[in-house]
Amino acid sequence: MQTGENLVGNFPRAADPTVPRYRKILEIGPIPPPYAGWGVRIDCVLDALRDRQIEVAALDLGANRKRKREKCDHVPSGFAYARKVLKYLLCGYR
């Protein structure tokens, strides 16, 4: 167990806080449009991660999930969802 000075909350402190823990992140949820609720939060997180040069992929589970769009990967069915999550995990996304 680590001492309290090496912990942030209950989690170990990163060696260098300026270096991101993950280089590839998969965000799953309702991607705007429409702009409302949780989708707005996801959109802000995606923009912030891209600004930090972190590779980000997004799976849209919202109302427009069956439409192909530039900003995210569409999910037309449950099978497609499982296949795409597995594909991203195998490519190193977390």
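Everything here concerns the structure above.
Residues numbered from 1 in each chain as written. Predicted model: local features only at pLDDT ≥ 70, side-chain atom pairs only at ≥ 80, totals over all residues. Heavy atoms only, no water.

A. Fine view of a nonpolar patch on the surface. Together, Ile 28, Leu 61 and Tyr 81 line one region of the surface with nonpolar side chains, adding up to about 210 Å² of accessible area. Owing to a relative accessible area of 30%, Tyr 81 belongs among the partly exposed residues under this scheme. (Patch = residues over 30% accessible without salt bridge, like charges linked within 9 Å, V, L, I, M, F, W, Y side chains within 5 Å. Areas by Shrake-Rupley, 256 points an atom, 1.4 Å probe, with all protein chains shown as cover. Salt bridge = Lys/Arg side-chain N within 4 Å of Asp/Glu carboxyl O. Buried < 20%, exposed > 50% of the residue type's maximum accessible area, 1.4 Å probe, protein only.)

B. Quick look at helix H2 (residues 78-90). The first and last C-alpha atoms of H2 sit 19 Å apart over 13 residues, in line with the 18 Å expected at 1.5 Å per residue. Those residues of H2 that sit buried are Ala 80, Lys 84, Val 85 and Tyr 88. Buried residues of H2 fall within an arc of 130° about the axis and therefore sit on the same side. Seen from the buried face of H2, the exposed residues on the opposite side, beyond 90 degrees, are Gly 78, Phe 79 and Leu 90. Residues of H2 that are buried in the fold lie against strand E3 (24-29) and strand E4 (55-60). Of the residues one or two after H2, Gly 92 is the one with positive phi, at around 95°. (Helix = DSSP H or I, 4+ residues; strand = E, 2+ residues; numbered from the N terminus. Expected span 1.5 Å × (residues − 1). Arc of directions from axis to C-beta. Contact = heavy atoms within 4.5 Å.)

C. Spotlight on the side chain of Asp 73. For Asp 73, the position within the fold is in the loop between E4 and H2. Looking at Asp 73, its side chain comes within polar contact range of the side chain of Lys 84, at 3.0 Å. Aside from chain neighbours lying at most four places away, what touches Asp 73 is Ala 58, Leu 59, Asp 60, Lys 84, Lys 87 and Tyr 88. (Polar contact = N/O pair within 3.5 Å; in protein donor to acceptor, adjacent residues only side chain to side chain.)

D. Structural view of the pattern of salt bridges. With the rule as written, the count across this model stands at 5 salt bridges. For Glu 27, the salt bridge is made with Arg 41, and the minimal N-O distance between the two is 3.0 Å. Residue Glu 27 is found in strand E3, and its partner Arg 41 is found in helix H1 (residues 37-51); the two are separated by 14 residues along the sequence. When its relative accessible area of 12% is taken as the criterion, Glu 27 is described as buried. Its relative accessible area of 35% is what places Arg 41 among the partly exposed residues. A salt bridge links Lys 87 to Asp 73; its shortest N-O distance comes to 4.0 Å. One end of the pair, Lys 87, is in helix H2; the other, Asp 73, is in the loop between E4 and H2, with 14 residues separating them in the sequence. Here Asp 73 falls in the buried class, since its relative accessible area comes to 17%. Connected through salt bridges with shared partners, the residues Asp 73, Lys 84 and Lys 87 form a single ionic network.

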